[in-house]
Amino acid sequence: MNSTNERESFSERLQQALKNAHYSPDSPTRLAREFNIRFEGRPITVHAARKWLVGEAIPTQEKLRMIAQWLGVPADWLRFGGSENAAANGDGTDGSTRFESADVKLIADLQRLDEHHKQLAREFIRMLVRMNHQQQK
């Protein structure tokens, strides 16, 4: 993938993550403001935020990690759009699983829960995975 395509693909994922987190993907001013509230380093300009949104630039790794944390998406997915390391998730798949936009929204929603409800959601998902695995045998 060439650098132009990489920037455009990043822009699409950023816009989707913003939508899923209930932020407008059409406002570089709001993106810059929300980013600068959370980032402890040097603030970004509205111009830099616009470049991210229109696919002219990709943020540094440090900034990208903060954006991913803020929007509740995996940093690797935001940057590359590839799959998560399934082994790290303990699901036993081959690592080729890709995040669809609904999956990204689900992760963002999960991260907005308090710890008690996060734990309940994790246990429920584990139970569903076990049941699905048993049905496939």
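Here the structure is a predicted model, which is why all the values come from computation and not from measurement. (Residues numbered from 1 in each chain as written. Predicted model: local features only at pLDDT ≥ 70, side-chain atom pairs only at ≥ 80, totals over all residues. Heavy atoms only, no water.)

**Student:** Before we move on, could you go through the overall build of the protein and cite the residues and values that matter?
**Tutor:** For the protein, the helix and strand inventory stands at eight helices and zero strands. Mapped in sequence order, the helices and strands of the protein form the string α-α-α-α-α-α-α-α. The buried share among the 137 residues of the protein stands at 31%. Partitioning the intrachain contacts of the protein with sequence separation of at least 6 by distance along the chain shows that 50% fall at a separation of at least 24. Surface accessibility of the protein: about 8,900 Å² in total, with carbon and sulfur atoms responsible for 50%. (Helix = DSSP H or I, 4+ residues; strand = E, 2+ residues; numbered from the N terminus. Buried < 20%, exposed > 50% of the residue type's maximum accessible area, 1.4 Å probe, protein only. Contact = heavy atoms within 4.5 Å. Areas by Shrake-Rupley, 256 points an atom, 1.4 Å probe, with all protein chains shown as cover.)

**Student:** With reference to specific residues and values, describe the UniProt feature "domain: HTH cro/C1-type" (unreviewed entry) in the protein.
**Tutor:** Feature annotation in UniProt assigns "domain: HTH cro/C1-type" (unreviewed entry) to the following positions: residues 51-78. This span, residues 51-78, is 68% helix and 0% strand, and a straight line between its end C-alpha atoms measures 16 Å. (UniProt positions renumbered as here; feature names shortened; annotations may be inferred.)

**Student:** Would you mind going over the nonpolar core in detail, with residue names and values included?
**Tutor:** Ranked by internal contacts, the top residues of the largest apolar core, which has 24 residues, are Leu-14, Trp-52, Ile-67, Leu-71 and Leu-78. Looking at this core, the elements that each hand over two or more residues are helix 1 (3-20), helix 2 (28-38), helix 3 (46-54), helix 4 (61-71) and helix 5 (75-80). Residue contributions to this core peak at six residues, all from helix 4. Beyond its immediate sequence surroundings of up to four residues, Leu-78 is in contact with Phe-10, Arg-13, Leu-14, Leu-64, Ile-67, Ala-68 and Val-73. (Core = buried A, V, L, I, M, F, W, Y, C linked by side-chain atoms within 4.5 Å.)

**Student:** How would you summarise a nonpolar patch on the surface if you had to cite specific residues and measurements?
**Tutor:** On the surface, a cluster of nonpolar side chains totalling about 520 Å² of accessible area is made up of Phe-124, Ile-125, Met-127, Leu-128, Val-129 and Met-131. Within the secondary structure, Met-127 is located in helix 8 (residues 115-136). Classification of Met-127 by relative accessible area gives partly exposed; the value is 33%. (Patch = residues over 30% accessible without salt bridge, like charges linked within 9 Å, V, L, I, M, F, W, Y side chains within 5 Å. Salt bridge = Lys/Arg side-chain N within 4 Å of Asp/Glu carboxyl O.)

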